[in-house]
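Architecture and fold: a report
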Amino acid sequence: MIGEIGKILIVSAFVIALTSLFLYYKASRNDLKPKLEKTAHRLFALMGLLAVISSGLLIYLIFTHQFQYYYVYDHTSLNLQTRYLIAAFYSGQTGSFLLWIMWTALVGWGLIKWTEDEFRAPVMVFVTLIEVFLFSMLLGVNIGSIHIGASPFRTISEAMPNAPYLRAHPNFIPADGNGLNDLLKSPWILIHPPILFLGFSLMTVPFAYAMAGLWKRKYHEWIKPALPWTLGANLCLITAIFLGGYWAYVTLSFGGFWAWDPVENASFVPWLIGVAGLHAMVVQKKKDKPKTTSILFAILAYVAIAYESFLTRSGVLGNSSVHSFVDLGLYDQLVFFLGAVIVVSFGLFIYRWKDLPKSDASSSMLNRDFILFSGAMLLFLTGLVIIIGTSSPIIGRFFVNNPTPPPKSFYNNWTMPLAIALAIFTVIGQYVWWKNYDAESLSEALLGPLVIASIASIATIILGNVHNIEYMIYLFAAYFGVVGNGFVVARLYKKKPKLAGGATTHIGFAIMLIGILASTAYQTDFLDAQTRNYNHAVKAGKVMNKDGTKVSKTVNFFQLNKGEPTVIDKNLTATFVNMKMDNQARPGQQLYTIKFHYKNGKTYYMHPVIYPMLTTSTKNKINWAVSPQVKAGWFHDIYLYVGGSSYVQNINNELKSGNQVESVAERVKNAGSAPVSQDNSGKSNSDLVTFRFKRGQSKTVDGYTFTFKNFKKASDSELPDSAIIAVHAMINIKQDSTGAQKSISPMFSIVKNNGKKMSYAPPVTIDDWKFAVQFSNVKPMSDNIQLTVSGLKNAAQNDQNAWVVVVADRKPFISLVWAGIFIIMIGFSISILRRWAEDKRRTERMKAARSGAT
Amino acid sequence: MKPKVIMGVIFIAGFTSLLFYNFGNSISTYTNFNQAAKSSSSVHVVGSWDQSKPSGFSYSTKTFSFYMKDNKGVERKVLYPKPEPNNFEQAKKIVVVGQLKDNVFYADQILMKCPSKYNANGSNLKSRAPKKNQ
């Protein structure tokens, strides 16, 4: 019912958007038809309202767990916490389109409010056009044999028409959903995607303005009003990129903040081109300048967004990204969207080409326009490198069949020289921006920054033991960027701090460059002596594989045994203190405590985590995820994760033995979904393990192997009078880590109590191992018995022979990466305030002039 | 105007051709074990994990080892100098990146192609599983 309403709302919103588009078009054709335009605004607002209501409905379905809807089924589950239920709204493909639509509607509303009369309708034509395209992705209607869009309100039988079970039972409602992927269960999901999509939506503005300018042949007037929006779009994108990178750094175990993954690149490229566009815009906003570059970059930034949406949402990257993407049936439509954006924008651009004011470009090389233009080109080329790398599944086919993605070194090798050039250009650009120079006077002015940067570079090269010549140049360029732009900021700060946005951003960029090099190229692994020796031996070619070949790879992990302090660095000792189950956070999650102790007495504890990914684990296999712990510091971060442990190994072995009645995955799952009731002892009831086996069989559970030897008749003396039957099971228990063995013989009996038959089976406590075994049932006429063991998890926690395999390293000055990005954000914000105020003054002046004229 | 434009055009043309040339050399093709044996450089081999053969991480040899069957059905032992990767047991398809020497594949990198990493899975309901992305 609600689903039907939702579908109708989306289809109506699509139709309303189309109508609004038509009216805006009409209003722009017949210049200033205020009535038509007003109706178009109303329709646009109504469309936005419908998008909000549809989102509300989807959130309602998610919160009421209506699993007959595919989206709800596929992205949520009963035990999902409230905050992740909210996040689930946009964690899927169709929901994220809804979020994108809503942001764009909000941006459109802002444009309606703040855009001057003659631009409003034409700009809104293009904003509404984008909304029409986005809505079309959600239609879920069939015209003939063509499917258009995938509705977020599809039912599971609509989403999976070929599933045999659903064919037979079209009204089937699953009891529970698939749940949100565990890797996404992090507070960062609440903030990263919304900001990213806000950035995408804001990037519509320069695109729409540039297109409107081309269309209405107002090549000049669009730049000033579009400038603050473009700055806002880039601020959002850099913030989202930072949040994504930081999220990956602190919760995933790939060991850094950037992996050149296609999905990361998808947000980075529009930013690079957007920033290139900003540089073109600040130069070309003056009346007498040509506008071609600004227009081109505004178009390209949006094409990049459409292209990257196609790459990440269509499934073409399925093979090359660690984030896998599967086509939702939108492939053709996404191609169409991309094609339409390219054809419309470049078509109009070419159509107006002859009419566009061209550059006279007669000035010297140190002309500020030329320097800024070169900087913009460098940014664009960086974007080009990344687009080509990311597009390997498509354009790689021109080179080889079945192309693989390029290695990370491809991106690093190409972006590094570009970053060097960019850092240098930021300084020259800033200098020539504020004052006219010739070559001689510029070198004179730059003498100070050059000397300071050289001293800083040499000091760093000596102190940091830098040998690589490329790194030396890079370092120098970065220092030059910091110092040179620092000089500019210092000078501006005295006069007009409002103007320092650009130089501030450049300082942030250069600081970030230093942080990137220091934290990645000079990262050092912590290793124990044994592993160090092993690595030395490998380097010397002294380690052989079983088959006699040389081992060529050093390793970066080491083992810590429980309670055994191990020296892992000159002044540093690490101790594996304990492991605790942390079922509250996630069922089956293990919280490890590792103590770091320095020679100077400083001590702290690291708490890395391993947890089973329940949404991807099956009955027989657990898919473990590790979550690192980062100890952040000003000079370096300590990054550590547990790559394996005796506890995990025991469970894996148990699963490999493959014969248990109740699998661990199931048990872990049950422990999570059952209400966590506490009995009087304060111990969770979920620490009960029940399994069945036959005479002669063995079971391994949590590091203990239980063997059912035989039955033994109970003697009359030990039985109450009311007993009907009673039998002992002779059980042998082996602690796998030590090989220690114990034999017990718990009893099972049926007694008559007040005329009722009841079972009586006292648990047998094993004091040494701190758990109790109960012979809880027996299948008559077979050898099959059931044991219930309580306290085993505690036993696992108390296992004195536990060990962990640890990967730990020191990342120097990674704080500079974050500091740099923060400064970039501040710089952008200063610029937004300045350009926003500027544009407001301009419109007020225009209004005043107009009212003065009438 | 002319010299600047010409310089710019030459620079961009040079940059782009060099970029494409290097890109073409950087990427390789997904291949199989027999072809990998002939190659002396690092290759990508696609295949699946043979669960009937022993696998596991050994701390003493510091390697994770398993047997992989490529698309042609050729099976080779794979050694990987890291603890067992996340997602390994669940991956339908595995890509190992490295070199084949004397019928043993030394992997620098193992890429898992899971049904969908960012998606919930494990339900039997899905016969044709349309999946989402982030």
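1. Let's talk about unusual backbone geometry
Residues and elements named next belong to chain B. Phi at Asp102 takes a positive value of approximately 50°, unusual for a residue other than glycine. On the secondary structure map, Asp102 appears in the loop between β6 (93-101) and β7 (104-113). We classify Asp102 as exposed; its relative accessible area is 60%. Unusually for a residue other than glycine, Asn103 sits at a positive phi of about 65°.

2. Side note on the environment of Leu379 of chain A
All names here are of chain A. For Leu379, the location among the structural elements is in helix α15 (residues 368-390). Its relative accessible area of 10% is what places Leu379 among the buried residues. On a C-alpha basis, the gap between Leu379 and Gly339 in space is 24 Å, while along the polypeptide they are 40 residues apart. Non-local contacts of Leu379, meaning those with residues more than four positions away in its chain, are made with Leu272, Val275, Ala276, His279 and Leu422.

3. Some remarks on the sheet that holds strand β22 (residues 785-790) of chain A
All names here are of chain A. The sheet built from 4 strands is open, its strands ordered β13-β22-β21-β20 with antiparallel pairing. Across the chains shown, the open sheet's two edge strands, defined by having one partner strand only, are β13 (688-693) and β20 (764-766). Each strand axis lies, on average, 25° off the axis of its neighbour in the sheet, ignoring direction. Relative to strand β21 (residues 771-778), β20 is paired through 3 bridges, and the arrangement is antiparallel. Residue pairing for β21: Ile766 is matched across the bridge by Phe771.

4. Structural notes on the pairing of strand β6 (residues 572-581) of chain A
The two faces of the sheet receive side chains in turn, since in a regular strand these alternate between them. Residues and elements named next belong to chain A. Most of β6 sits out of view: 7 of its 10 residues are buried. Pairing analysis gives 3 bridges linking strand β5 (residues 566-569) to β6, with the strands arranged antiparallel. Residue pairing across strands places Thr566 opposite Ala574, the latter belonging to β6. Hairpin connection, β5 to β6: the antiparallel pair is bridged by 2 residues.

5. So, the nonpolar core
Residue and element names in this part refer to chain A. Membership of the largest hydrophobic core comes to 246 residues, with the highest contact counts inside it found for Trp222, Ile594 and Phe596. With 17 residues, the single largest contributor to this core is helix α11 (residues 223-251). Listed in part, the 23 residues of the second largest apolar core include Val689, Val701, Phe748 and Val789.

6. Regarding the packing of α15 of chain A against helix α1 (residues 2-26) of chain B
Put simply, α15 of chain A and α1 of chain B touch, their axes get as near as 11 Å, and they point 20° apart. Taken together, α15 of chain A and α1 of chain B sit at an angle that is classed as roughly parallel. You can see that α15 of chain A and α1 of chain B cross each other, and the crossing is right-handed. Residue-level contacts link Phe370, Met377, Leu381, Leu384, Val385, Ile388 and Gly389 of chain A of α15 of chain A to Lys4, Phe11, Ile12, Phe15, Thr16, Leu19, Phe20 and Phe23 of chain B of α1 of chain B.

7. What to know about empty space enclosed by the protein
Applying the stated criterion across every chain, the model contains 7 cavities of 30 Å³ or more. The wall of the largest cavity is formed by Tyr534, Asn545, Val551, Ser552 and Lys553 of chain A together with Lys62, Thr63, Leu79, Tyr80, Pro81, Tyr106 and Ala107 of chain B. A per-class count over the lining of the largest cavity returns 7 nonpolar, 3 polar and 2 charged.

8. Description of the pattern of salt bridges
Residue and element names in this part refer to chain A. Under the defined criterion, the tally for this structure stands at 13 salt bridges over all chains. Ionic pairing is found between Lys7 and Glu158, a salt bridge with its closest N-O pair at 2.8 Å. Taken together, the residues span a long stretch of sequence, with Lys7 in helix α1 (residues 2-29) and Glu158 in helix α7 (residues 156-159) at a distance of 151 residues. Classification of Lys7 as buried rests on a relative accessible area of 15%. Put simply, Lys811 and Asp809 hold a salt bridge, and the shortest N to O gap is 3.2 Å. Classification of Lys811 by relative accessible area gives buried; the value is 2%. The exposure class of Asp809 is buried, given its relative accessible area of 4%.

Rules of the game
- Residues numbered from 1 in each chain as written.
- Chains lettered and ligands numbered in written order.
- Predicted model: local features only at pLDDT ≥ 70, side-chain atom pairs only at ≥ 80, totals over all residues.
- Heavy atoms only, no water.
- Helix = DSSP H or I, 4+ residues; strand = E, 2+ residues; numbered from the N terminus.
- Buried < 20%, exposed > 50% of the residue type's maximum accessible area, 1.4 Å probe, protein only.
- Contact = heavy atoms within 4.5 Å.
- Pairing = 2+ DSSP bridges.
- Axes fitted to C-alpha atoms, helices over the stretch in contact; angles between N-to-C directions.
- Core = buried A, V, L, I, M, F, W, Y, C linked by side-chain atoms within 4.5 Å.
- Parallel < 35°, antiparallel > 145°, perpendicular 65-115°, else oblique.
- Left-handed = near helix turned anticlockwise from the far one by under 90°.
- 1 Å grid on protein atoms, 1.4 Å probe; cavity = no way out; pocket = protein on both sides within 12 Å on 5 of 7 lines; lining within 4 Å.
- Points joined across faces, edges and corners; volume = space filled by probe spheres on them.
- Nonpolar A, V, L, I, M, F, W, Y, C, P; charged D, E, K, R; others polar.
- Salt bridge = Lys/Arg side-chain N within 4 Å of Asp/Glu carboxyl O.

By themselves, these figures tell us nothing about what the structure is for.
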